[in-house]
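Architecture and fold: a report
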Amino acid sequence: MRLGGQEPAPAARPGPDASDFMSNNRLGAAISFGLALAIVFIYGFGNVEVTEYGLNYSLVTRKVDHNTYPSGRYWIGPLNHFLKFPSILTTIQFSDLSMQTDLVEGGDATLKSRTKDGLDVSIELSFQYQIIADKVHELYTNLGPYPDFHKLFVRFAIDRLTEAATAYSATEFFTSRTIIGKSMEKELKKDFNDRLFSNVYSFQLRTVSLPNEFESAIQETEVMRQDLQVAEAEQNTTRVSLETQLIQAQKRTKVRANKGEAEAAAVLLANKADIEQYVAMQHKSADSYGNVLQELGSSEGSMLEYMQARVLRDHPADKTVVGMSMRTLT
């Protein structure tokens, strides 16, 4: 304190500069805006895995883009996200539930239905489906997102297959299972393609279970049918063997007949030749005798004597007996 007067007022401190304040505000705003843009940019990306298809869904408009996105990374906007659908084969299996532990989405227990003739039948089968890529938007708008549409697929397959089972008798299930399986597969493929926007692959009709009494009767019938087939096969073998023997006998008979005909023809030809030769000789003899008769003056008695003399000359001496009358000797 100063003596003899008042205490001097404290000196005024310098205030903040207005230009510095404004520049600091602009810098902060720029940093905040940049961070916001970075966050918007980062959160605007969406991923679609290699096992998926994606549909771009807008949270603002509540609408879905028609385009199907395959696997990859896309910038779709911060207020959009992907609705994802499986692009790989998905299995639906109807069997014992303990056999479905490895499936992502299980099917149902063994299918229960009735045959055409009213018997209970249990069917175990499986198949796989794959969504058609350019129909993902139709699938979503008609059947909903995954896994809702998968559950509809399972219920649809149950209805379709149990209905198809009623078209066949119990005997057909036992004897024509392959044909029935192909028919079910054909119908299922058509329905999934036309109505569920998917393709069906690897359909397998595994087992068909009928009432025990009927299966036992069918097995006995099948055994008897197989025995009948064996008997028919043996009968056919015997018939073929006998027919073969008959053919061989007919061929032998034909060979012998041909041989006999050939021998007969040879004998006829030989006889014909002998006859022709004999006739020719007789004609020549007649001609020669005619000449001799003319030389003898057409005397028949002389001719007969000549012929007798010639016969005696030509006949073997050891076989010739000559009879002479007593009148001739005297």
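Note that this is a predicted model, so its numbers are computed, not measured.

1. A few points about the overall build of the chain
- Counting its secondary structure elements, the chain contains eight helices and eight strands.
- For the chain, the proportion of its 330 residues judged to be buried stands at 23%.
- The contacts in the chain between residues at least 6 apart in sequence include a share of 66% that link residues at least 24 apart.
- Approximately 23,700 Å² of the chain is accessible, and the part contributed by carbon and sulfur atoms is 57%.

2. Topic: the side chain of T115
- With respect to the secondary-structure elements, T115 resides in the loop between β6 (111-114) and β7 (120-131).
- Within the structure, T115 has its side chain in polar contact with the side chain of D117 (distance 2.3 Å).
- Look past the residues within four positions of T115 in its chain and what remains in contact with it is V121, A165, T166, Y168, S169, A170, F173 and L210.

3. Some details on the confidence of the model for the chain
- Looking at the chain, pLDDT values average 82 and 81% of them are 70 or higher.
- Below a pLDDT of 50 lies the segment residues 1-5, which in the model reaches one contact outside its immediate sequence neighbourhood of four places, other chains included.

4. A short note on the side chain of S126
- Note on placement: S126 falls in strand β7.
- Here R206 takes part through its side chain, which lies 3.0 Å from a polar atom of the side chain of S126.
- Filtering out sequence-adjacent residues up to four positions away, S126 remains in contact with I92, Q93, S202, F203, Q204 and R206.

5. Describing the pattern of salt bridges
- Considering all chains together, one arrives at eight salt bridges under this definition.
- Linking E52 and K84 is a salt bridge whose minimum nitrogen-to-oxygen distance equals 3.8 Å. Of this pair, E52 sits in strand β2 (residues 52-58) while K84 sits in strand β4 (residues 80-86), placing them 32 residues apart in sequence.
- K190 is paired through a salt bridge with D194; the nearest N and O atoms lie 3.1 Å apart. Here K190 and its partner D194 are both found in helix α5 (residues 177-195), four residues apart, which amounts to about one turn of the helix.

6. Description of the nonpolar core
- Among the nonpolar cores identified, the biggest contains 42 residues, and F94 and F127 are the most heavily contacted of them.
- With nine residues, helix α3 (residues 148-165) is the single largest residue contributor to this core.

7. Comments concerning the pairing of β2
- For β2, the tally of buried residues reaches seven of seven residues, placing the bulk of the element in the interior.
- Residues of β2 alternate between two faces, with E52, G54, N56 and S58 on one and Y53, L55 and Y57 on the opposite face, all of them buried.
- As judged from the seven bridges shared by β2 and β4, these two strands associate in the antiparallel manner. Looking at β4, one finds that E52 is bridged to P86.

8. Focus on α3
- Spanning 18 residues, α3 covers 26 Å between terminal C-alpha atoms, matching the ideal 26 Å at 1.5 Å per step.
- Residues F149, H150, F153, V154, F156, A157, I158, L161, T162, A164 and A165 constitute the buried set of α3.

Rules of the game
- Residues numbered from 1 in each chain as written.
- Predicted model: local features only at pLDDT ≥ 70, side-chain atom pairs only at ≥ 80, totals over all residues.
- Heavy atoms only, no water.
- Helix = DSSP H or I, 4+ residues; strand = E, 2+ residues; numbered from the N terminus.
- Buried < 20%, exposed > 50% of the residue type's maximum accessible area, 1.4 Å probe, protein only.
- Contact = heavy atoms within 4.5 Å.
- Areas by Shrake-Rupley, 256 points an atom, 1.4 Å probe, with all protein chains shown as cover.
- Polar contact = N/O pair within 3.5 Å; in protein donor to acceptor, adjacent residues only side chain to side chain.
- pLDDT = per-residue confidence, 0-100.
- Salt bridge = Lys/Arg side-chain N within 4 Å of Asp/Glu carboxyl O.
- Core = buried A, V, L, I, M, F, W, Y, C linked by side-chain atoms within 4.5 Å.
- Pairing = 2+ DSSP bridges.
- Expected span 1.5 Å × (residues − 1).

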